[in-house]
Amino acid sequence: MNKKNNLLALVALMSVSALPVYAGPFEVAVSPSRLELTANASQRLGQSIDIQNIGKSPTELNIRTLDWTYSNEGQITYHDALVPNSCRPWVTLEKNTIKLNAQAKRAFRFQVEVPANAPRAECRFMVAIEGKDAAANTVLKAGGANLSLPVNGRIAVAVYVAVGGAEPKLSIKQMNVQNVKGQKVPVAIVTNQGDAHGRLEGVLEATDAKGQAFELAPEATPVLPGQTRTLPLLPQALTNQKLTPPTYPIQAKGSIDWDKGSFKINQAVFK
């Protein structure tokens, strides 16, 4: 299990579209933000998610599972209907609706029961915690067929289950500079030839053309099996340093880590 920082949602989070959201508070904290598990065929996993109402009044929440897809560009899409080879039928939720008093916290339980004939692969799904009233309204209007209408608020916890030894196999094809969100930044082009997702971690020591020292940290979003993704290497200031925009070329060295190893880097990156 890999626990990250708690998620706090005061407005609509992870909504499917940019449509306006329903009014009303959604003051819920959830931990962990994702679960990374391993299992074998015929194994049953029991897990829990901590859900807390941080508001000043009681709240009702709908809880369900969702399938999701993730593009090479890092765009996530949620699917209410089962996608091909979905493992959501393996999942049993404790309840579909819960009520929390103000400031109350509880552990929400669910099980994943891996079938005896499950192949080696990664099971991926989301546990979605949603504002009850707006979620019910979405189902009423959309007939439960899709998520094209807004929800009042949602926190979606990603669950990954590596079945039968499934694991990532990452490689860095190259490093260069690309335009990311309107800025030129160093990037690593990463391919995953494995059968489970992987992530980059760690930092590189960097020096720009003017001698400014700083660090480059890879974006830690997932690279799914079969994907080739372009991940930014984000400049970060050293302790007690004010970082100015780096001047190219940048000399980067050190190690970028991933789930099963690391990549040794010693390379100049040109604009």
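This text goes with the structure placed above it.
Keep in mind it's a predicted model, so treat the numbers as computed, not measured.

A. Here's a closer look at the state of the cysteines. Evaluation of the coordinates by the stated rule reveals one disulfide. One disulfide in the model links Cys87 with Cys123; its S-S distance is 2.0 Å. Looking along the S-S bond of the Cys87-Cys123 disulfide, the torsion reads about 75°, which is the right-handed sense. Placement of the pair is Cys87 in the loop between β6 (76-79) and β7 (91-93) and Cys123 in strand β10 (residues 121-131), with a sequence separation of 36 residues. Accessibility expressed as a relative area gives 4% for Cys87, which makes it buried. By relative accessible area, Cys123 is classed as buried at 3%.

B. Region of interest: the packing of aromatic side chains. For the coordinates displayed, the defined rule picks out four aromatic pairs. Here Trp68 and Tyr70 contribute two aromatic rings whose centre-to-centre distance is 6.2 Å and whose plane-to-plane angle is 75°, an arrangement assigned as edge-to-face. Just as Trp68 is buried, Tyr70 falls in that class too. Here the aromatic residues Trp68, Tyr70 and Tyr160 are joined through ring pairs into a cluster of three or more.

C. Region of the structure containing unusual backbone geometry. In this chain, Ser31 is followed by Pro32 through a cis amide linkage whose omega measures 0°. Look at the link from Tyr248 to Pro249: it is a cis peptide, with omega at 0°. Structurally, Pro249 can be placed in the loop between β16 (228-236) and β17 (250-258). A positive phi angle is found at Asn85, which is not glycine, with a value near 65°. Within the fold, Asn85 resides in the loop between β6 and β7. Using a relative accessible area of 81% as the deciding quantity, one classes Asn85 as exposed.

Procedures and definitions
Residues numbered from 1 in each chain as written. Predicted model: local features only at pLDDT ≥ 70, side-chain atom pairs only at ≥ 80, totals over all residues. Heavy atoms only, no water. Disulfide = S-S within 2.5 Å. Helix = DSSP H or I, 4+ residues; strand = E, 2+ residues; numbered from the N terminus. Buried < 20%, exposed > 50% of the residue type's maximum accessible area, 1.4 Å probe, protein only. Phe/Tyr/Trp six-rings, centres within 6.5 Å; stacked < 30°, edge-to-face > 60°.

What is shown is where atoms sit, not what they do.
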